[in-house]
Amino acid sequence: MMLEIQKEMSGTHCDLFLSGRLDTNTAKQLEEVLNELMTNSSFTINFKKLDYISSAGLRIILGFYKKCKATSKELVLTEMNDLVKEVFDISGFSGFLNIQ
């Protein structure tokens with residue numbers, strides 16, 4: 001299964017909606033989109049339709065979080081299903097990422 005990324009812009013805020021799988025095969029796709037969007041000042045990434053995330057996906061989220069933190073940009077992660085949330089919990093990412 002592929003990764004689909006939908007973008008909705010509102011001023012300098014960007015909402016991203018992920019669906020499908022975020023894994024080794026699709027992580028680069030998300031990384032490219034996130035790099036293009038670094039001119040925005042705040043981001044919400046919605047995981048409602050994301051079925052799976054691998055360590056490669058976590059690495060992209062972590063890298064983006066670090067870029068946001070270094071440039072005082074806001075990053076919020078929302079609507080994770082139980083399986084995806086468990087990956088964030090086990091990895092320890094839930095301890096420092098803003099997950100709502």
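Above this text is the structure in question.
Numbering of residues begins from 1 in every chain and follows the order in which that chain's sequence is written. Confidence filtering applies because this is a predicted model: local features only for residues at pLDDT of at least 70, side-chain atom pairs given and counted only at 80 or more, and all residues used for totals across whole chains, interfaces and linings. Think of the side-chain values as coming from all heavy atoms in the structure, minus any hydrogens and water.

Caption draft 1: Representation of the sheet that holds strand 1 (residues 3–10) within the structure. A pair of strands is considered paired only if DSSP assigns at least 2 bridges between the two. Comment: elements are numbered from the N terminus, with helices defined as DSSP H or I runs of at least four residues and strands as E runs of at least two. Within the open sheet, the four strands sit side by side as 1-2-3-4. Their pairing is mixed. At either end of the open sheet lies a strand with only one pairing partner, and these are strand 1 and strand 4 (74–78). Sheet twist, expressed as the mean angle between neighbouring strand axes with direction ignored, is 15 degrees. Pairing of strand 2 (residues 13–22) with strand 3 (residues 42–53), which is carried by nine bridges, proceeds in the parallel orientation. Paired with Ser 19 across the bridge in strand 3 is Lys 49. Contacts from helix 3 (residues 82–91) reach strand 3 and strand 4 within the one sheet, and its direction differs from that of strand 3 by about 110 degrees. As a rule, the C-alpha atoms of each element are fitted with a line to give its axis, helices using only the stretch in contact, and angles between N-to-C directions run from 0 to 180 degrees. We call two residues contacting when some pair of their heavy atoms lies within 4.5 Å.

Caption draft 2: Highlighting the nonpolar core. Among buried residues, the Ala, Val, Leu, Ile, Met, Phe, Trp, Tyr and Cys ones that are joined through side-chain atoms within 4.5 Å form a nonpolar core. Working definition: with a 1.4 Å probe on protein chains only, accessible area under 20% of the residue-type maximum means buried, over 50% means exposed, and in between means partly exposed. By size, the foremost hydrophobic cluster in this structure holds 30 residues, and its most contacted members are Ile 45, Phe 47, Ile 61, Leu 77 and Phe 88. If you tally residues by element for this core, the top one is helix 2 (residues 55–70), at seven residues.

Caption draft 3: Structural view of the packing of aromatic side chains. Centres within 6.5 Å make a pair out of two Phe, Tyr or Trp rings, where for Trp the six-membered ring is used; the pair is then stacked when the planes are under 30 degrees apart, edge-to-face when over 60, and tilted otherwise. All told, the structure shown has five aromatic pairs when counted by the stated rule. On the numbers, 6.3 Å between centres and 70 degrees between planes, the contact of Phe 88 with Phe 93 is edge-to-face. Under the relative-accessibility criterion, Phe 93 is labelled buried at 11%. Look at Phe 93 and Phe 96: their rings are 5.4 Å apart centre to centre, the planes differ by 50 degrees, and that puts the pair in the tilted class. Through a chain of ring-to-ring contacts, three or more aromatic side chains come together here, namely Phe 47, Tyr 65, Phe 88, Phe 93 and Phe 96. Look at NZ for Lys and CZ for Arg. If either is within 6 Å of the ring centre and within 35 degrees of the ring normal, a charge sits over the ring. Positioned above the aromatic ring of Tyr 52, the side-chain terminus of Arg 21 is 4.1 Å from the ring centre.

Caption draft 4: Broad picture of the pairing of strand 1. Summarising the sheet, strand 1 and strand 2 pair through eight bridges and their orientation is antiparallel. The partner of Ser 10 across the bridge, within strand 2, is His 13. Hairpin geometry of strand 1 and strand 2 is characterised by an intervening segment of two residues between the two adjacent antiparallel strands and by a positive phi of about 65 degrees at Gly 11.

Caption draft 5: Just helix 1 (residues 27–36), in detail. All buried positions along helix 1 are accounted for by Ala 27, Leu 30, Val 33 and Leu 34. Along the long axis of helix 1, the arc covered by the buried residues comes to 130 degrees, so they all point the same way. Among the exposed residues of helix 1, those pointing more than 90 degrees away from its buried face are Lys 28 and Glu 36. Of the surrounding elements, those touching the buried residues of helix 1 are strand 1, strand 2, strand 3 and helix 2. Each direction from the helix axis to a C-beta atom contributes to the arc, which is the arc of those directions.

None of the figures reported here should be taken as evidence of function without further support.
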